[in-house]
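# Residue-level structure breakdown
As a plain string of letters, each chain reads:
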Amino acid sequence: MKSLIILFIGCVAQINAGVYTDRFLAQYKKIHDSGNGYFSREGIPYHSVETLMVEAPDHGHETTSEAYSYYVWLEAMYGAINGDFSSFNRAWDILEKYTIPTHEDQSSNSNYNPSSPATFAEEKDTPQEYPSKIDSDVSVGEDPIYQELVNAYGTSDIYGMHWLTDVDNVYGFGDTPGGGCENGPSANGPSYINTFQRGPEESVWRTIPQPTCDSFKYGGTNGFLDLFVADSDYAHQWKFTNAPDADARAVQAAYWAAKWADQKGQLGSITNTLSKAAKMGDYLRYGLFDKYFKKIGNCVGASQCAAGKGKESAHYLLSWYYAWGGSLDGQYGWAWRIGDGAAHFGYQNPLAAYALANEAALKPKGSTAVQDWQKSLDTQLEFYGYLQTPEGAFAGGATNSWKGRYATPDSNLTSNTFHGMFYDWEPVYHDPPSNNWYGMQAWSVDRLAQYYYVTGDSKAKTLLDKWVPWVVNNVKINGNKFQIPSNLAWSGTPGNNLHVSISSYNDDVGTASSTARALAYYAAKANDNSAKTTAKQLLDVMWENYQTSKGLSVEEPREDYRRFNEPVYVPSGWTGKYPNGDTIDSSSTFLSLRSWYKNDPDFQKVQSYLNGGAVPTFTYHRFWAQADVALAQGAYGLLFNE
């Protein structure tokens, strides 16, 4: 009788696990249903199914390196559940083809001088203060990893994702990956673009989108360049920007693919892709350095702060970006690279750092890469501790370059620094403040929880032991609905009354899924029933009550769409054109620079709102959120398949 009871309990556990992995497969099927519109004809994941979408991307059928990284992760878990890892390899191939610039896209890297990586230009506080003057009198440090990367891979090119692509070539620049520069509106396939360039107050509503390859065919006399930098001469050029959190997520996904494939005896089928992930992790180290490779710590005064030698310029945190560029046609023969002195807690990924330092299949070839990633892992864990509030949530971040120009920080920030880097409650952007969104908590702590699950590191557990109860106590399940934090408010500084409060709640399925997954990984390792129960409740109430034909979602009001008519600063007298003929001048607005939005099938309800009508509502299907739904359900099933 006792054996029958044990058998029965075991069967129940197996059935429960099957429920959640089956949910993964059902959501996966919806994402891959061609009728639902998640992918372009090339197989590129769109930022969202819906086209009228403004947040970080300014159009739903753009895509980001974030979306690609989620795509790779989704396919890794599909392999874990279904036993076929070919789609994981295929997802990486698409990522590589369409978001990692080819040699033709970044052709002048051989002219790069690592002893003089870039020329200094101040970041300004507002778009109205741009263009920013190039200042060659300010010293910059040396790039300590360039030569070892060349030695390791036999090329001067960077293997990293550019963060933003106009998949349907809506703007018409035609900067086709591997296919030439400014091919125009008739170009087939995706086009690299860029947006943010003008300081922390430049929200998406204030941007002037520009091509990554600027041959002065569009824009003004000097293309788009003189909107951003003031120089005595302008050259045709290319430039790309990397979002380190996305590349790190792709490495994280590759780590799980390696573990799951190994469990199924299929590691050999993905070794080539894993070597590419390791290579990406090697170049991702550019995100560990100060923007101008200046020495880390108490770096005040652009001219006074010392240029870094060797690894003196490494803060070892995942920063907001790294970027690289160069001359287009060889007429000047130059190239440049920058890191970023600002680090947000929400971008940290201790599991990716651990994988690059410890997982045999993911160890990069660069001669100092493994030790760099081990130091990064240690530094990231320390960073979480520095930023954790008594309540459990994590505050913004820290910077080596106050205001992006090595300015003098406020006096209350100098007494308790992070290795000489100054606390910043809203790193990098202020409209809206970068750490108000609760999603940063869910995303980053999910990675921390996965790291804890893999390693059992007591440092990670100590951090999670404070964060998890804060979240559990603020998840509200009421019948067929749930509420989780949406926006947060901050006060104090590290070591001086640092606190968080919750200013609003919502029922966003993406951040709820990330939250549930973080709780599940923690619960599985710490044997915490409260965290497990909360994760399960979130997953169940979402699945059973938030279904749409395309996935899971909830209607959301967009009061911010009043900003379609917001003026966009363009210096007086500057005029230019977009490929479709839209004029860029001092009278420009967000909408006037994007007149094609007026043809969007959903624009009429925005126009009605602009005319004084009701706030428009949308039911969005963002790729990252829909992937997160699947990944959270699947992770729970894999973790608790007892």
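Look up a bit, the structure's there.
So, a few notes on the structure that sits alongside this text. On a predicted model such as this, the values are computed, not experimentally measured, just so you know.

Conventions and cut-offs
Residues numbered from 1 in each chain as written. Predicted model: local features only at pLDDT ≥ 70, side-chain atom pairs only at ≥ 80, totals over all residues. Heavy atoms only, no water. Helix = DSSP H or I, 4+ residues; strand = E, 2+ residues; numbered from the N terminus. Expected span 1.5 Å × (residues − 1). Bend = angle between axes of the 7 residues up to and from the residue. Buried < 20%, exposed > 50% of the residue type's maximum accessible area, 1.4 Å probe, protein only. Contact = heavy atoms within 4.5 Å. Polar contact = N/O pair within 3.5 Å; in protein donor to acceptor, adjacent residues only side chain to side chain. Pairing = 2+ DSSP bridges. 1 Å grid on protein atoms, 1.4 Å probe; cavity = no way out; pocket = protein on both sides within 12 Å on 5 of 7 lines; lining within 4 Å. Points joined across faces, edges and corners; volume = space filled by probe spheres on them. Nonpolar A, V, L, I, M, F, W, Y, C, P; charged D, E, K, R; others polar. Salt bridge = Lys/Arg side-chain N within 4 Å of Asp/Glu carboxyl O.

### Brief notes about helix α10 (residues 458–472)
- Taking 1.5 Å as the rise per residue, α10 with 15 residues should run 21 Å; its terminal C-alpha atoms sit 21 Å apart, in good agreement.
- The sharpest bend along α10 reaches about 30° and sits at Leu464.
- Within α10, the full set of buried residues consists of Ala460, Leu463, Leu464, Trp467, Val468, Trp470, Val471 and Val472.
- Buried residues along α10 sit in contact with α8 (369–387), α9 (439–455), β16 (481–493), β17 (496–506), α11 (509–526) and α12 (529–545).
- Two or three places before Lys459, at the start of α10, stands the capping residue Asp457, its side-chain oxygen 2.8 Å from that residue's backbone nitrogen.

### Some remarks on the sheet that holds strand β4 (residues 164–166)
- Strand order in the open sheet formed by four strands is β1-β4-β5-β6, with antiparallel pairing between adjacent strands. Edge positions in the sheet fall to β1 (62–64) and β6 (210–211), since each of these pairs with one other strand and no more.
- Relative to strand β5 (residues 191–194), β4 runs antiparallel, the two being bridged by two bridges. Within β5, the position partnered with Asp166 by the bridge is Ser191.

### Details of empty space enclosed by the protein
- Per the stated rule, a full pass over the model turns up three cavities of 30 Å³ or more.
- Size it by volume and the largest cavity reaches roughly 60 Å³.
- As for the largest cavity, its lining consists of Asp508, Val509, Gly510, Ser553, Val554, Glu556, Tyr620, Arg622, Ala625 and Gln626.
- For the lining of the largest cavity, the secondary-structure elements that each account for two or more residues are α11 and α14 (623–639).
- Among the residues forming the lining of the largest cavity, the class breakdown is four nonpolar, three polar and three charged.
- Forming the walls of the second largest cavity are Tyr70, Trp73, Arg249, Ala442, Trp443, Asp446, Arg447, Ser514, Arg517 and Asp628.
- Mapped by element, the contributors of at least two residues to the lining of the second largest cavity are α2 (65–82), α9 and α11.
- For the lining of the second largest cavity, the element with the highest residue contribution is α9, accounting for four residues.

### Some words on the environment of Ser110
- Checked against the element boundaries, Ser110 lands in the loop between α3 (86–99) and β2 (120–121).
- The spacing of Ser110 and Thr155 is 45 residues in sequence and 8.2 Å in space, taken between C-alpha atoms.

### With respect to the pattern of salt bridges
- Taken as a whole, this structure holds 29 salt bridges when the rule is applied.
- Notably, a salt bridge pairs Glu202 with Arg198, separated by 3.0 Å at the nearest N-O pair.
- For Arg198, a relative accessible area of 1% puts it in the buried group.
- Overlapping salt bridges, with partners in common, bring together Glu55, Glu556, Arg558, Asp560 and Arg622 in one network.

Any functional reading would require information beyond the geometric quantities listed.
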